[in-house]
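# Inside the fold
Take a look at the letters that make up each chain.
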Amino acid sequence: MFRLFPTLLFVLFSAVAMAEVADVYEFDAANEETRFQNLTEELRCPKCQNQNIADSDAPISQDMRDEVYRMIQGGASDEQIMDALEARFGEFIRYKPKVEKRTILLWATPAIAVFGGFLIVAGVVIRSRRGASQATALTAEEKVRAEKILAESNQDKST
Amino acid sequence: MKRFLLFLPVLVALILGVVLFAGIGKDPTKLESALIGKQVPAFNLTDLHDPDVKLDQALLKGKVQLLNVWGTWCPSCRDEHGDLMWLAREKGVSIIGLNYKDDRADALVWLDRLGDPYQATIYDPKGTLGFDLGVYGAPETFVIDARGVVRYRHVGVINEKVWEETLLPVINDARENG
């Protein structure tokens, strides 16, 4: 009996731990659970601003998760759910703002930066190549001058 | 052209400076309400003082009013309570309370002890109206115009400075251009 006790204790406590970790939401379909996870990771908590509502313990995040769950159960699409929450809390809660006229610069900035960087690199490469080809090609006149200078310096060393 | 390129870093630094300077002094935790310019969401809740009295969005129409979200669990609400009393008594501001995620008995004790600055208090124990209003942290105060349209939302404590500099101009504008 006493041997069994620690095992029993372990089983009991692990059950408690499991209950805490396991999701309190129950889904009929696996894809609904995936949608729930994606949506809650995509939504930003308005209170604790650098967390998504999946990670946040703030009461408002709990409310938002409940709403997402309720709407998924009600058959709403992902976009409908995002829009419904955005209507209440503002664009702030979207980690990925919609692509529209006002946000196009925001979305295009990485591409612009890469393109700009490419232009700079290309410019540097072209310039250095041009510089290098000029440097190797001495005119006949320059060669004569160079040889003269070299000869003079050799003379200086020997004296 | 080469000369111009030399000044490019200075130019970049200047532009960055202007952009970043615009952000100084802005509190990122204070978000603008998504409901500005929209009607107060429909609701059907009870009065804090009397569970038999039903309240709905009609309560927030007819004149420019403040809608103050509070709860006894919220220390900052306690902090601003004296200023709300001052606004209601000295300035004659009509304030509607939204008792948010609270216990009715606790809330009544609070108003009994500290005074009741509210024309009426909506009892929202589950925070449903709060959720529809986009409340993410009490205290929050909404300026609602006579047509029941949200004009402004202040996140945080109200005091004399906030009243003079922020709320009063919005209220005056709402009264003039109702």
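Before reading further, recall that the structure is shown in the block above.
Attention here is on the structure that accompanies the text. Everything numeric here is computed off the predicted structure, so don't read it as measured data.

All names here are of chain B. Its place among the elements puts Asp-50 in the loop between β1 (44-47) and β2 (54-56). For Asp-50, a relative accessible area of 31% puts it in the partly exposed group. Residues Asp-50 and Thr-121, spaced 71 residues apart in sequence, show a C-alpha to C-alpha distance of 9.8 Å.

Let us look at the interface of chain B and chain A. Between chain B and chain A, the residue contacts involve 16 residues of the former and 16 residues of the latter. Interface area, chain B with chain A, both sides summed: about 1,200 Å², of which 58% is carbon and sulfur. Between the two partners, chain B and chain A, sit two salt bridges. Measuring nitrogen to oxygen at the nearest pair gives 2.8 Å for the salt bridge that ties Asp-132 of chain B to Arg-88 of chain A. At the surface where chain B touches chain A, the tally comes to two residue pairs in polar contact (both at pLDDT 80 or more). Broken down by class, the residue content of the side of chain B that touches chain A amounts to nine nonpolar, three polar and four charged.

Our next topic: the environment of Gly-23 of chain B. The residue Gly-23 of chain B is located in helix α2 (residues 8-23) in this model. Taking the C-alpha atoms as reference points, Gly-23 of chain B and Arg-113 of chain B, separated by 90 residues in sequence, lie 42 Å from one another.

With that out of the way, let us pick up the nonpolar core. Counting residues in hydrophobic clusters, the biggest one holds 44 residues, and the most contacted among them are Ile-60, Val-68 and Leu-85 of chain A together with Leu-67 and Ile-122 of chain B. Considering every element that reaches this core, the biggest residue donor is helix α3 (residues 59-73) of chain A, with six residues. Apart from the residues within four sequence positions on either side, Leu-67 of chain B is in contact with Leu-60, Ile-96, Gly-97, Leu-98, Ile-122, Leu-133, Glu-140, Thr-141, Phe-142 and Ile-144 of chain B. Core analysis: the next-biggest nonpolar cluster, separate from the first, contains 24 residues, Cys-77, Leu-87, Tyr-118 and Tyr-123 of chain B among them.

Another point: helix α6 (residues 160-176) of chain B. All names here are of chain B. When the terminal C-alpha atoms of α6 are compared, their 22 Å separation across 17 residues agrees well with the 24 Å that a helix rising 1.5 Å per residue should span. Of all bends in α6, the biggest is about 45°, found at Leu-167, and the proline Pro-169 comes one to four residues later. Taken together, the buried positions of α6 are occupied by Val-162, Trp-163, Leu-167, Val-170, Ile-171 and Ala-174. Elements in contact with the buried residues of α6: β3 (65-70), α3 (75-90), β6 (140-144) and β7 (150-155).

The rules behind these values
- Residues numbered from 1 in each chain as written.
- Chains lettered and ligands numbered in written order.
- Predicted model: local features only at pLDDT ≥ 70, side-chain atom pairs only at ≥ 80, totals over all residues.
- Heavy atoms only, no water.
- Helix = DSSP H or I, 4+ residues; strand = E, 2+ residues; numbered from the N terminus.
- Buried < 20%, exposed > 50% of the residue type's maximum accessible area, 1.4 Å probe, protein only.
- Contact = heavy atoms within 4.5 Å.
- Buried area = accessible area lost by both parts, 1.4 Å probe.
- Salt bridge = Lys/Arg side-chain N within 4 Å of Asp/Glu carboxyl O.
- Polar contact = N/O pair within 3.5 Å; in protein donor to acceptor, adjacent residues only side chain to side chain.
- Nonpolar A, V, L, I, M, F, W, Y, C, P; charged D, E, K, R; others polar.
- Core = buried A, V, L, I, M, F, W, Y, C linked by side-chain atoms within 4.5 Å.
- Expected span 1.5 Å × (residues − 1).
- Bend = angle between axes of the 7 residues up to and from the residue.

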